[in-house]
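# Breakdown of the fold
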Amino acid sequence: MSLDQLSDDAILEILSHLTTARDVANVSRACRALHRTVHQGGGWRSFVRHRFATYAVSEPRDGRWDELAAALTAQSRSWDRKSLLPVAYTHAQSPQSNFFAGQHSRRLHHPFSPALDAARVWNDSFELVVWGAGEDIVGRFRPLASSGSDRRRSNGGGGGGGGGNSGEGDAWFCFEGRRNGYSPAKGDVTAIKLIEPGGKLGMLIGRASGELHLISAERGNASNVVETFRLPEPPSHVKAATWEAAAYVDVCPNQTSIVAGNRATINIFPLRSSSMSEAIPLETFSLDSHTFHGSDDRSLFIHSAKALTNDTIACALGGDPVPLRWLQATPTGLVPKVVDKSDRLLRNLSRSVKTTIRALEVIPTAGLSAGQSGSGNLLLTAWDDGTVRLLDTRTPSPYDMIYRDLFQPEETTSSLLTWGAHHFVAGSNEYPHLKTFDFRWPEHHAEYRYTDALPCSPSPPFPAPPDADWSLPLPHRRPRPDLVHSRCNHAENTVCTFHRLAREDDYHPNACLILQPSSSSNRSSSTSSRRSLPSRIHSLAKSSNAADAFYVGLPGAVAEMRLVAEGESHVGPLVGKAASRRGWQAETAQFAFLETGTGMLPPLEDGYPGLGIYTFSPLLVQQWGGRPWTPPEGARWHRWDRRFWSPDHF
């Protein structure tokens, strides 16, 4: 019996065991029957569901699961090879802004701290990113490519599903706060959330004054306030102005409730899709509010709140022995909820800092699902002791994971962003650093890895990562090949040296990305008058798990971190032209990185997580700036993007 004579169910079962998109594509080319099964009978769908099982992504437009597979596999390759390209957007009135170093010209008293959000809108036709620039609201619509082939041509052969990155079709807008009576500082945007109830696009905008508005983004009604949500005043004994600001806003998965508040109260509001069409703004009061109190009955500072499910809210507090709390939304109001987690996981690992959680990120655990649906049982929390903790709210297990940058173990995190259970990014609260962490287990062969599609080799990937005792191999010499394991033999269940080691944690280590201005910015900065300010990552956002870019809020700027094709190092002129129409400028920036090991802290025998910190100095990897040279044939097994190759690696 030939393969095309098998039933569709049998073929789909076979396809689910293929590890690379190349293998699935080759099966589809065998005959017309298999081509129909792969493209129309669910073959690509089966591949995506099995290889990216923890990704919650929307159903692809026109059922093009092959395009979604191309986007996700390209994105995964870019992450592993560190093929990222930062594009910084700054206001044209401050062209000398050195955003990554927290410096700026004397014309600006203080750079704005952008709150931002991104989403795919209008049936996945556009990607929308929006941020607060002081009292102004700035945004950009980017049309998504209609086909995977168009997308790959538009960005030079790579990318992960964000559409044409050339800038053609980009539409910017700016809602100026001064025209609506907002002044700098007091009227600054402090929280943003994009919503689309009933298919009508809106923006939830919170400000430093404590105001929270729903603003329409629909054609013909854009920029109009359609609903006002009243946040309770902070307690009378609180005098700091920061307590009054609308600090966070989130939407429950069913899109019927809003979770929002200032630094003292958490509130839940109804979300009505009908309000998007109102000519006169509605005024809405919270269904219920809740304030957390410390041992001395003082109000606790609330850093963040996220809706895990439609009725469960996770709350991040500051300066309290129990900084992680849960609230249950019931018919009678918000009620504190007990989640049976081990106290050992909620202890502070450093005695030098208070127990504070600054950021939360929910990981949907329902697998592939439409839109934002899915149960939120996995929660990432960023602690001031330098750890990021993964908690499973369904179990009392003390063995939930703890991650840490082993090079800078106590550097605090301000924001989190996750891509399923594959990897996540943590934004530094102290420097322009992005910490990347890998979730994937070496033994879990269902998760996609681009190295599975590379040819067999008796040698491991290179350059070699730091070894077990954190000594760096200098120079980068390739070890002698293991000729006994030069090829994979599936009949004998043996694997070549390259494919075996490529799955090990040591060969896809976590990294610290250090954002840098372009070289031209560095030259111009020496001739301008500047003063230095502390720099940090204010916020992180992405439009979709399948997007080929995510966004970073920096002092006075927003960086678009593009997941690009191999070696891509610049953006097209249309990107800057579209931005300039609204008074902004686009600049290609750079980054260097440090590989910091696995960073997953194993628990000790009594269940208390060990620090696992080593004293070492990882190698700073920067773009090769030496004389041109021709890499050898074996360059295909290099672990990094070709921009970071240097002759001593070979």
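All figures in this text were calculated on a predicted structure; none of them were measured in a lab.

### Some thoughts on the overall build of the chain
Along its length, the chain carries nine helices and 34 strands. In the chain, once contacts between residues fewer than 6 apart in sequence are set aside, the share between residues at least 24 apart is 64%. By element, 50% of the accessible surface of the chain is carried by carbon and sulfur atoms, the whole surface being about 27,700 Å².

### Looking at the pattern of salt bridges
Side chains carrying opposite charge are able to pair once their charged atoms draw close together. Applying the stated criterion across every chain yields a total of 30 salt bridges. Residue Glu 595 is joined to Arg 639 by a salt bridge in which the shortest nitrogen-to-oxygen separation is 2.9 Å. Of this pair, Glu 595 sits in strand E33 (residues 590–597) while Arg 639 sits in the segment after strand E34 (620–621), placing them 44 residues apart in sequence. Residue class for Glu 595 comes out buried when judged on its relative accessible area of 6%. The structure contains a network of salt bridges with shared partners spanning Glu 127, Arg 140, Arg 142, Asp 170, Glu 560 and Arg 562.

### With respect to the packing of helix H2 (residues 21–28) against helix H3 (residues 32–40)
In the contact formed by H2 and H3, the axes pass within 7 Å of each other and the chain directions differ by 135°. Taken together, H2 and H3 sit at an angle that is classed as oblique. Between H2 and H3, the residues in contact are Val 24, Val 27 and Ser 28 and Leu 34, His 35, Val 38 and His 39, respectively. When grouped by side-chain class, the residues that make up the contact of H2 with H3 number four nonpolar, three polar and no charged.

### Overview of H2
What H2 keeps buried is the set Ala 21, Val 24, Ala 25, Val 27 and Ser 28. One side of H2 holds all its buried residues, which, seen down the axis, span an arc of 160°. Structurally, H2 contributes buried residues whose contacts are with helix H1 (8–15), H3, helix H4 (43–51) and helix H5 (65–81).

### Side note on the side chain of Asn 429
One can find Asn 429 in the loop between strand E25 (423–428) and strand E26 (433–438). Taking relative accessible area as the criterion, Asn 429 reaches 18% and is therefore assigned buried. Among the polar contacts made by the side chain of Asn 429, one reaches the side chain of Arg 536 at a distance of 2.8 Å. Not counting chain neighbours up to four residues away, the residues in contact with Asn 429 comprise Arg 358, Thr 412, Thr 413, Ser 414 and Arg 536.

### Description of the pairing of E33
The buried count for E33 comes to seven of eight residues, which makes it a mostly enclosed element. Inspection of the sheet shows strand E27 (residues 510–516) paired to E33 by seven bridges, in the antiparallel sense. Along E33, the bridge assignment pairs Cys 512 with Leu 594.

### Describing the sheet that holds strand E6 (residues 171–175)
Strand order in the open sheet formed by four strands is E3-E4-E5-E6, and the pairing between neighbours is antiparallel. Strands at the two margins of the open sheet, each flanked by one partner only, are strand E3 (116–121) and E6. Taken over all neighbouring pairs, the strand axes of this sheet differ in orientation by 15° on average, direction set aside. Inspection of the sheet shows E3 paired to strand E4 (residues 126–133) by six bridges, in the antiparallel sense. Bridge pairing in E4 places Ala 119 opposite Leu 128.

### Brief notes about the environment of Pro 396
The residue Pro 396 is located in the loop between strand E22 (387–392) and strand E23 (402–404) in this model. Its relative accessible area of 46% is what places Pro 396 among the partly exposed residues. Pro 396 sits 56 residues away from Asp 340 along the chain, and the two C-alpha atoms are 5.1 Å apart.

### Overview of the pairing of strand E9 (residues 212–216)
Extensive coverage of E9 is indicated by the burial of five of its five residues. Taking every second residue as pointing to the same face, both faces of E9 are buried, with Leu 212, Leu 214 and Ser 216 on one and His 213 and Ile 215 on the other. Here strand E8 (residues 202–207) pairs with E9 via five bridges, running antiparallel. Among the inter-strand pairings, Ile 205 is bridged to a residue of E9, identified as His 213. Hairpin connection between E8 and E9: a loop of four residues separates the two successive antiparallel strands, and Gly 210 in this loop has a positive phi of roughly 95°. Inspection of the sheet shows E9 paired to strand E10 (residues 225–230) by four bridges, in the antiparallel sense. Looking at the pairing, His 213 lines up with Thr 228 of E10.

### As for the sheet that holds strand E17 (residues 312–318)
Strands sit in the order E16-E17-E18-E19 across an open sheet of four strands; the sheet is antiparallel. Strand pairing shows two members of the sheet lacking a second neighbour, strand E16 (301–307) and strand E19 (333–337), which therefore form its edges. Each strand axis lies, on average, 30° off the axis of its neighbour in the sheet, ignoring direction. Where E16 and E17 come together, six bridges link them in antiparallel fashion. Residue pairing in the sheet places Ser 304 in a bridge with Ala 316 of E17.

### Let's talk about the nonpolar core
Counting 50 residues, the largest nonpolar core has Trp 44, Phe 47, Leu 84, Leu 434, Leu 540, Phe 550 and Val 552 as its most contacted members. Once you skip the residues sitting within four places of it in the chain, Phe 47 turns out to touch Leu 18, Thr 19, Thr 20, Ala 21, Val 24, Phe 52, Ala 69, Thr 73 and Tyr 448. Membership of the second largest hydrophobic core comes to 20 residues, among which are Leu 85, Phe 112, Val 129 and Ala 578.

### Brief notes about the packing of aromatic side chains
How two aromatic rings sit relative to each other is set out by the distance from centre to centre and by the angle between their planes. Within the structure shown, the criterion is met by 32 aromatic pairs. Judged by centre distance (5.9 Å) and plane angle (90°), the rings of Trp 122 and Phe 126 are edge-to-face. A ring pair is formed by Phe 173 and Phe 175, whose centres lie 5.0 Å apart and whose planes are at 35°; its orientation type is tilted. Take Phe 173 and Phe 175: they sit in the same class, and that class is buried. One aromatic cluster in this structure is built from Trp 44, Phe 47, Phe 52, Tyr 55 and Tyr 448. The aromatic ring of Tyr 182 is capped on one face by Arg 207, whose charged end is 3.7 Å from the ring centroid. The aromatic ring of Trp 637 is capped on one face by Arg 636, whose charged end is 5.4 Å from the ring centroid.

How each quantity is defined
- Residues numbered from 1 in each chain as written.
- Predicted model: local features only at pLDDT ≥ 70, side-chain atom pairs only at ≥ 80, totals over all residues.
- Heavy atoms only, no water.
- Helix = DSSP H or I, 4+ residues; strand = E, 2+ residues; numbered from the N terminus.
- Contact = heavy atoms within 4.5 Å.
- Areas by Shrake-Rupley, 256 points an atom, 1.4 Å probe, with all protein chains shown as cover.
- Salt bridge = Lys/Arg side-chain N within 4 Å of Asp/Glu carboxyl O.
- Buried < 20%, exposed > 50% of the residue type's maximum accessible area, 1.4 Å probe, protein only.
- Axes fitted to C-alpha atoms, helices over the stretch in contact; angles between N-to-C directions.
- Parallel < 35°, antiparallel > 145°, perpendicular 65-115°, else oblique.
- Nonpolar A, V, L, I, M, F, W, Y, C, P; charged D, E, K, R; others polar.
- Arc of directions from axis to C-beta.
- Polar contact = N/O pair within 3.5 Å; in protein donor to acceptor, adjacent residues only side chain to side chain.
- Pairing = 2+ DSSP bridges.
- Core = buried A, V, L, I, M, F, W, Y, C linked by side-chain atoms within 4.5 Å.
- Phe/Tyr/Trp six-rings, centres within 6.5 Å; stacked < 30°, edge-to-face > 60°.
- Lys NZ or Arg CZ within 6 Å of the ring centre and 35° of its normal.

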